[in-house]
Amino acid sequence: MEVLARCPKCDAALPVEATGAPTTIKCGACGRELTLAFTDAVAADRRVDRCPVCGGADFYIRKDFDPKIGLTVVILGALISGAFYWFGRDLVAYGILAAAVLIDLVVYGRLKDVTVCYRCHSEFRGRYERTAQAFDLHTADVLELEYERRIGRR
Ligand SMILES: [Zn+2]
Ligand SMILES: [Zn+2]
């Protein structure tokens, strides 16, 4: 399982491969050392049961969407259709624009789910079974506050 650990101090995203052993990584941005304790289920890519960064057991699921890719497709489509429009082929132009939006939708629909830790926002990617629920704002408010108090940010 791929884990994107969030530094508790500066929020930098630190990619780590989940192994069984506890690992200590150093944040490249602020130099803080993080000790990651992976559970057996996380190390074996079975399930996300406990966050290796903050020890929390509350997660939500969201689409693993990279807005940059979607935007590139739409911009490319707009550029190409703009060229056709310029040469007076409006129908082709609109068709290409529509196709770009469609490709975007297809890409979005095929995206995999990523599990995110409510407290520290670490992300988990892999073949594991998705057991977390969709994002809940109330839960996020409560848990984020608790975590930030614990690490002394508030
Ligand atoms: Zn940091
Ligand atoms: Zn966490």
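That block above? That's the structure.
Residues numbered from 1 in each chain as written. Chains lettered and ligands numbered in written order. Predicted model: local features only at pLDDT ≥ 70, side-chain atom pairs only at ≥ 80, totals over all residues. Heavy atoms only, no water.

K.L.:
Go over the pairing of strand β3 (residues 23–26) with me, naming the residues and quoting the values.
P.N.:
Two elements, β3 and strand β4 (residues 33–36), share four bridges in a ladder whose sense is antiparallel. Across the sheet, T23 pairs through a bridge with L36, a residue of β4. Taking the residues that link successive antiparallel strands as the turn, the β3-β4 hairpin has six residues, and the phi of G31 there is positive, at about 85 degrees. (Pairing = 2+ DSSP bridges. Helix = DSSP H or I, 4+ residues; strand = E, 2+ residues; numbered from the N terminus.)

K.L.:
Residue-level account of the nonpolar core, with values.
P.N.:
L34, L36, C51 and F124 are the most contacted members of the largest nonpolar core, which totals 24 residues. Broken down by secondary-structure element, the contributors of at least two residues to this core are β1 (2–6), β2 (13–17) and β4. Among residues more than four places away in sequence, those in contact with L36 are A5, V16, A21, P22, T23, I25, P52 and V53. Among the nonpolar cores identified, the runner-up in size contains six residues, and Y60, V114, V116 and Y118 belong to it. (Core = buried A, V, L, I, M, F, W, Y, C linked by side-chain atoms within 4.5 Å. Buried < 20%, exposed > 50% of the residue type's maximum accessible area, 1.4 Å probe, protein only. Contact = heavy atoms within 4.5 Å.)

K.L.:
So what's going on with the coordination of the zinc ion (ligand 2)? Which residues, and what values?
P.N.:
The protein atoms that coordinate the zinc ion (ligand 2) are C51 (SG), C54 (SG), C117 (SG) and C120 (SG), at distances spanning 2.2 to 2.4 Å. The motif formed by the donor residues of the zinc ion (ligand 2), counted along the single chain, is C-x2-C-x62-C-x2-C. With C51 in the loop between α1 (40–43) and β5 (59–63) and C117 in strand β6 (residues 113–117), this pair connects stretches of sequence that are 66 residues apart. One exposure class covers both C51 and C117, and it is buried. (Donors = N, O, S within 2.8 Å, 3.2 Å for Na, K, Ca; no water.)

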